[in-house]
Amino acid sequence: MAKKKKTVFKILTVSVIYLAAAALAVYLITNYFNRPRFVRYPAFGIPVPVNYSIHGIDVSRHQAAIDWEDVSNMQDKNIRIGFTFIKATEGLNDVDAAYRRNWFKAKEAGIPRGAYHFFISSKSGKAQAENFIETVTLEKGDMPPVLDIERTNGASVTDIQQRAKDWLVMVEKKYKVKPVIYTNVDFYENFLAGKFDDYPLWVAHYLVQDKPRIKRNWLFWQYNETGHVNGIDAFVDFNAFSGDSAAFKRILIQ
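Just so it is clear, the structure is predicted and the values come from calculations on it, not from any experiment.

Engineer: Please provide a residue-by-residue account of the overall build of the protein chain, values included.
Structural biologist: Along the protein chain, the regular secondary structure elements total seven helices and 10 strands. At a minimum sequence separation of 6, the contacts of the protein chain that also span at least 24 residues come to 68%. A total of about 14,000 Å² of accessible surface is found on the protein chain, and carbon and sulfur atoms cover 54% of it.

Structural data, given as structure tokens:
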């Protein structure tokens, strides 16, 4: 009987060791493939509009694991990365796979950060706002929340406007700050103009040199989608802020 107990104990011990080794192997492999890649570029690799002093990027899981210290330290002539918008949520339930890591690492690197929601126009604006609110905690020094709306998803103009308004109202009530709308020039003019002109605008318009071709004021301008930044092994969207450093500080959550 004693010999049998010894054998059972030995089997259990070996099993525990094998399980621990397997768990360690999984942990090491996962960390290896999710590690930030060491990427360095001689410059941002795109034309940068020189009339603006504050430039930033926007990122999501598509940029994979980012080395935020490298992002913070990169300088091309007199331009550095002065802010980042980070994808947080999409639709009713999705949370971007890289959101939490990007959110905390950007703050650690000292880069002002903002969170955005990718809007599905055919779905409830209120339910999508709940997804964003449950995911994102904004702190002092963060940028306002952003509604990224650029597709109709088959919805009518009336439904798009109502659902977008529902999202904006709920999010403003939660965070006590007016959200920013992100979209491109055509989408704004065809679906939002006249109804959302009192919201700050982050507008995408490429292949223009000095400013986006839109009839209203804008806060941020996404001017290129093929930039290079140290610490990011993928193309990156580049953006300009419309004002100076004092104006930028005023838009941050107090």
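Engineer: Can you break down the nonpolar core residue by residue, with the values?
Structural biologist: I57, W68, V71, I149, V229 and F238 are the most contacted members of the largest nonpolar core, which totals 56 residues. A per-element tally of this core places helix α5 (residues 157-175) first, with six residues. For I57, the contacting residues outside a window of four places in its chain are W68, V71, I81, F83, T84, F85, V229, I232, V236, D237, F238 and N239. Y116, M143, A247 and L252 belong to the second largest nonpolar core, which has 17 residues in total.

Engineer: With reference to specific residues and values, describe the packing of aromatic side chains.
Structural biologist: The full count for this structure, using the stated rule, is 20 aromatic pairs. With a centroid separation of 6.0 Å and 80° between ring planes, the pair formed by F132 and Y175 is classed as edge-to-face. Taken as a pair, F132 in helix α4 (residues 125-135) and Y175 in helix α5 lie far apart in primary sequence, 43 residues in all. With relative accessibility at 12%, the residue Y175 sits in the buried group. Taken together, the ring pairs in this structure connect F83, F85, Y116, Y182, W202, F220, F241 and F248 into an aromatic cluster. Lying across the ring of Y199, K178 places its NZ or CZ 4.4 Å from the centre.

Engineer: Give me α4: which residues, what numbers.
Structural biologist: Taken together, the buried positions of α4 are G125, Q128, A129, N131, F132 and T135. Each buried residue of α4 lies within a common arc of 155° when the element is viewed along its axis, so the set occupies one face. Residues of α4 that are buried in the fold lie against β3 (79-90), β4 (94-95), α3 (99-108), β5 (113-118) and α5. You can read the cap of α4 off the contacts: a side-chain oxygen lies 3.3 Å from the backbone nitrogen of K126, and it is on S124.

Engineer: Describe in detail the layout of surface pockets, supporting the description with residues and values.
Structural biologist: The calculated volume of the largest pocket comes to roughly 530 Å³. Forming the boundary of the largest pocket are 23 residues, of which S60, H62, Y116, F118 and D148 lie nearest the centre. Taken together, the elements giving at least two residues each to the lining of the largest pocket come down to β1 (55-59), β3, β4, β5 and β9 (220-227). Looking at the lining of the largest pocket residue by residue, the classes come out as eight nonpolar, four polar and 11 charged. In this structure, the second largest pocket encloses a volume near 210 Å³. Taken together, P47, V48, P49, Y206, L207, V208, Q209, Y223, N224, E225 and T226 form the lining of the second largest pocket. Partitioned by chemical class, the residues of the lining of the second largest pocket number seven nonpolar, three polar and one charged.

Engineer: Account for the environment of N78, naming residues and giving values.
Structural biologist: Assignment of secondary structure puts N78 in the loop between β2 (75-76) and β3. By relative accessible area, which is 66% here, N78 ends up exposed. Residues N78 and V50, 28 residues apart in the sequence, show an inter-C-alpha distance of 10.0 Å.

Engineer: Tell me what's going on with unusual backbone geometry, and back it up with residues and numbers.
Structural biologist: What you tend to see is this: most non-glycine residues have negative phi, and most peptide bonds are trans. Even without a glycine there, the phi angle at K176 is positive, about 60°. Assignment of secondary structure puts K176 in the loop between α5 and β7 (180-184). For K176, a relative accessible area of 69% corresponds to the exposed category.

Engineer: Can you explain the pattern of salt bridges? Please cite residues and give values.
Structural biologist: What the rule picks out here adds up to nine salt bridges. When the shortest N-O distance is used, the salt bridge between R163 and D159 registers 3.8 Å. Remark: D159 and R163 occur in helix α5; sequence separation between them is four residues, near one turn of the helix. Accessibility expressed as a relative area gives 22% for R163, which makes it partly exposed. Salt bridges sharing partners connect three or more residues here, namely K107, R113, E139 and D142.

Engineer: How would you summarise the packing of α4 against α5 if you had to cite specific residues and measurements?
Structural biologist: Remark: α4 packs on α5, axes separated minimally by 7 Å, with the N-to-C direction vectors making an angle of 35°. Handedness of the crossing formed by α4 with α5: right-handed. Residues G125, K126, Q128, A129, E130, F132 and I133 of α4 lie in contact with α5, whose contacting residues are R163, D166, W167, M170, V171, K174 and Y175. The residue inventory of the contact of α4 with α5, partitioned by class, reads seven nonpolar, two polar and five charged.

The rules behind these values
Residues numbered from 1 in each chain as written. Predicted model: local features only at pLDDT ≥ 70, side-chain atom pairs only at ≥ 80, totals over all residues. Heavy atoms only, no water. Helix = DSSP H or I, 4+ residues; strand = E, 2+ residues; numbered from the N terminus. Contact = heavy atoms within 4.5 Å. Areas by Shrake-Rupley, 256 points an atom, 1.4 Å probe, with all protein chains shown as cover. Core = buried A, V, L, I, M, F, W, Y, C linked by side-chain atoms within 4.5 Å. Buried < 20%, exposed > 50% of the residue type's maximum accessible area, 1.4 Å probe, protein only. Phe/Tyr/Trp six-rings, centres within 6.5 Å; stacked < 30°, edge-to-face > 60°. Lys NZ or Arg CZ within 6 Å of the ring centre and 35° of its normal. Arc of directions from axis to C-beta. Polar contact = N/O pair within 3.5 Å; in protein donor to acceptor, adjacent residues only side chain to side chain. 1 Å grid on protein atoms, 1.4 Å probe; cavity = no way out; pocket = protein on both sides within 12 Å on 5 of 7 lines; lining within 4 Å. Points joined across faces, edges and corners; volume = space filled by probe spheres on them. Nonpolar A, V, L, I, M, F, W, Y, C, P; charged D, E, K, R; others polar. Salt bridge = Lys/Arg side-chain N within 4 Å of Asp/Glu carboxyl O. Axes fitted to C-alpha atoms, helices over the stretch in contact; angles between N-to-C directions. Left-handed = near helix turned anticlockwise from the far one by under 90°.

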